[in-house]
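Notes for the structure review
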Amino acid sequence: DNSYGSGWRLVMKKVLQAKHETEKAVEAWIEISIHDFRMVNGEKQINLIFDFVIPREYSEKKGNELTLTLMDRLQHHNPKYQCVITLDRSYVEEQR
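First, a word on scope: everything that follows refers to the structure included in this document. As the structure is a prediction and not an experimental result, all values here were calculated from the model. (Residues numbered from 1 in each chain as written. Predicted model: local features only at pLDDT ≥ 70, side-chain atom pairs only at ≥ 80, totals over all residues. Heavy atoms only, no water.)

1. Focus on the side chain of N47
Tracing the backbone through its elements, the reader meets N47 in strand 2 (residues 46-55). A polar contact of 2.8 Å, which involves the side chain of N47, links it to the side chain of Q45. With near-sequence residues (within four places) excluded, N47 lies in contact with R38, M39, V40 and Q82. (Helix = DSSP H or I, 4+ residues; strand = E, 2+ residues; numbered from the N terminus. Polar contact = N/O pair within 3.5 Å; in protein donor to acceptor, adjacent residues only side chain to side chain. Contact = heavy atoms within 4.5 Å.)

Below, the structure is given as C-alpha cells:
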C-alpha cells in the first residue's frame, strides 16, 4: 500500500525538521551538542527526546540554565514542543 510509504516519509520529514530546529537552537554554543534525538508526535504535544552534551567543567547550575534556555527556544519555535532532555557531560578533549 503506497499510502503507508507516503505517511512514513511525512513522519521522517517531521522528525528531521524537529532535529534540525533543535540543532539550530544550540549552534551558537560551539562547545555544546545534542545526540540520540527522538521525537514522539502526539495530538496535543510533540515530545523531543535527546541528550544535551555540555563540557564537563560547566557547573550544574550552568547546565540547568542552558537546558531551560534551549527549552524556551524550542517552545518559541513550536509551542507543542515538550523537551525530555538528558544532560550529559563531554569527557573527550576537543581538538582546537
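2. Topic: the packing of aromatic side chains
Per the stated rule, a full pass over the model turns up two aromatic pairs. With a centroid separation of 6.2 Å and an interplanar angle of 55°, the aromatic rings of W29 and F52 are classed as tilted. Highlighted residues: W29 in the loop between helix 1 (2-26) and strand 1 (33-41) and F52 in strand 2, separated in sequence by 23 residues. Among the residues examined, F52 registers a relative accessible area of 0% and is labelled buried. Pairing F37 with F50 gives two aromatic rings, centres 6.0 Å apart and planes at 20°, and the pair type is stacked. Taken together, the residues F37 in strand 1 and F50 in strand 2 connect sequence positions 13 residues apart. Of the two residues, F37 and F50, both sit in the buried class. The residue whose ring lies beneath K62 is Y58, and the NZ or CZ to ring-centre distance is 5.0 Å. (Phe/Tyr/Trp six-rings, centres within 6.5 Å; stacked < 30°, edge-to-face > 60°. Buried < 20%, exposed > 50% of the residue type's maximum accessible area, 1.4 Å probe, protein only. Lys NZ or Arg CZ within 6 Å of the ring centre and 35° of its normal.)

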